[in-house]
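# Remarks on the overall topology
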Amino acid sequence: NSFVTRTNTCGELRSAHVGQKVTLYGWVQYQRQGLFLVLRDFQGLTQIIIPQDEAHSHVKELLSSAPVESVVRVTGTVSPRPPGQENPKMPTGDIEVKAETAEILNSCKKLPFEIKDFVKKSEALRMQYRYLDLRSFQLQSNLRLRSRMVMRMREYLCNLHGFVDVETPTLFKRTPGGAKEFLVPSREVGKFYSLPQSPQQFKQLLMVGGLDRYFQVARCYRDEGSRPDRQPEFTQIDIEMSFVDQAGIQRLIEGMLQHSWPEERGSIMTPFPSMTYEEALAEYGTDKPDTRFGMKIVDISDVLRRSDIRFVQNALSYPHGSIRAICIPQGVRYLTNKDLESLKESAKSQFNQEIMEIICRPDGTLKSQLTKFLGEKEQSELIQALNMQGDDVVLLAAGEHKQVCSALGTLRLLSANLLEAAGLALRDPKAFHFLWVVDFPLFFPKAENPTELESAHHPFTAPHPSDVSLLYSDPTKVRSQHYDLVLNGNEVGGGSIRIHSAEQQRFVLEKLLKEDSEVLSHLLEALEFGAPPHGGIALGLDRLISLIVDAPSIRDVIAFPKSFRGRDLMGSAPDYVTPEELEPYHIQVSWPLEEKEAKKN
């Protein structure tokens, strides 16, 4: 209550304050029959008794007629609630304030929606009136927890470990590779700035500049169009260190998260487990495994290798062919035939992958189109390999290793959702399973042209020390010094040890990625002036906080988010500008014919 004219907040009064005269400010939460109202501020609720005597008739009239969500000032005396009228659900439920004077500071007009967490409202309406939505308890709680965590992270990095908080520019130039960037026009003809998708180049240049340890709560921008649960502008906890290896970065992040972790969410254990990219793909079908539940992908190639099943033999004849399966516990009991068909259809439509099901009957025998091709010994080995129990359902896939694993990884998550929707508790919503995924490939073949390469992370990632020679002979086999941090099946951070040799960086850009290195001439030149070995990481703050508070969307942990299509529904941005405003930037808008007509009308 320092610097303000209230004596107390609406959430702090208790029995110990009885008899004290207080002044409260807040919003009218609700009012009942001219007898009392509940006043709300950022910290809580207080019940205000409206005086009924003639001497205070003006106070009664004023408070009884104040619309819900009006801002009022109330001065009165704290009193105990009458016996039996205490409210144990409210922290201030043992007291009430008997109003003596009051003032309506600002009356509220008719609301577009009720400001209560349990009242359903469309997301579009919430975002149009975001300033009203921000009054809800849940959004207030999310933003305050976010603020506390960032403060503790800053304390850990700067106060305990000597990091320097540096702001880097948001007007820069295009970075080759990676996400599409927003362009900003300049007054120089044909020249544009780019909004950086991350401070990647700047943080490396800070290491060349000898700062040793850099940190920033960084605003980043990506023009990714209409992607669900993504934002065109987002926040990273951005970190870079000199003379560090992968293990050092991992220890730093584990310590920072432990230091900043909200007490009310329990504790997290360190060190976090680690898994290679190949292990993650083979066992979970994804590079961001949700390790809160089992249903791992099992390789059953050896079990079926001796069978006469044609599609199995066809799959195993491929260079990277394999037969794999997942076992859905109690699938017969919890999944309908329609559910199983939808799972098969998902694999077919997303991965062009056929799926075969095997059902384990209560007596332990198997029901499937496959069983007539399998002897008792093979069926027994299959049951043992998949640890099948009565009423389990197995989904089996055969084909190229990566495709099979990716399809089964997707079905694993879809099955978990179906099981939980049917009432089987599978994933503890209060559990936080962190995981490091390491040893990613340095390059992937381009989807549109598999003979060309693209960076799996970004072009500044260093090759694994054991694979440096392969960089020049067989780059597709090179592992990188890239590492991802995964939480409950979501990527919440990613980083790498960087290339600090100008010669190696130029080779990667020009010879392997076929990029124009001239765009990065400033960075390449900097690496020639005694650049130290360095590495770093960036944590996606929005995603991390949304997982901690179990928010349905990252929009629920951002004060003023954009819509699914990247629009600000409150301020109607982006918006048109006049030709006169565009003139200094040497830009003319070429309108499609139908839009020209629409603007005329």
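Cut-off values and rules
- Residues numbered from 1 in each chain as written.
- Predicted model: local features only at pLDDT ≥ 70, side-chain atom pairs only at ≥ 80, totals over all residues.
- Heavy atoms only, no water.
- Axes fitted to C-alpha atoms, helices over the stretch in contact; angles between N-to-C directions.
- Helix = DSSP H or I, 4+ residues; strand = E, 2+ residues; numbered from the N terminus.
- Left-handed = near helix turned anticlockwise from the far one by under 90°.
- Contact = heavy atoms within 4.5 Å.
- Nonpolar A, V, L, I, M, F, W, Y, C, P; charged D, E, K, R; others polar.
- Buried < 20%, exposed > 50% of the residue type's maximum accessible area, 1.4 Å probe, protein only.
- Pairing = 2+ DSSP bridges.
- 1 Å grid on protein atoms, 1.4 Å probe; cavity = no way out; pocket = protein on both sides within 12 Å on 5 of 7 lines; lining within 4 Å.
- Points joined across faces, edges and corners; volume = space filled by probe spheres on them.
- Expected span 1.5 Å × (residues − 1).

This part is about the packing of helix α11 (residues 337–351) against helix α13 (residues 401–421). Where α11 meets α13, the closest approach of the two axes is 10 Å, and the angle between their N-to-C directions is 145°. For the pair α11 and α13, the sense of crossing is right-handed. Note on element contacts: α13 touches α11 through Q403, S406, A407, T410, L411, L414, S415 and L418, opposite D339, L343, S346, A347, Q350 and F351. Grouping the constituent residues of the contact of α11 with α13 by class yields 7 nonpolar, 6 polar and 1 charged.

So, on to the pairing of strand β13 (residues 321–328). Where burial is concerned, most of β13 is hidden: 7 out of the 8 residues are buried. Both strand β12 (residues 298–299) and β13 contribute to a ladder of 2 bridges, which runs antiparallel. By the bridge assignment for β13, V298 is matched with A325. Summarising the sheet, β13 and strand β16 (residues 393–400) pair through 8 bridges and their orientation is antiparallel. Among the inter-strand pairings, A325 is bridged to a residue of β16, identified as L396.

Counted according to the given criterion, the structure contains 1 cavity of 30 Å³ or more. Roughly 50 Å³ of internal volume is contained in the largest cavity. Lining the largest cavity are M127, R130, F560, P561, D568, L569 and M570. Looking at the lining of the largest cavity residue by residue, the class counts come to 5 nonpolar, no polar and 2 charged.

A few words now on helix α4 (residues 137–161). Look at α4: 35 Å from first C-alpha to last across 25 residues, which is about the 36 Å you get at 1.5 Å a residue. Along α4, the residues classified as buried are L139, N142, L145, R146, M149, V150, M153, Y156 and L157. Against the buried residues of α4 lie α2 (123–128), α3 (130–133), β9 (213–221), β10 (233–242), α6 (246–260) and α17 (541–548).

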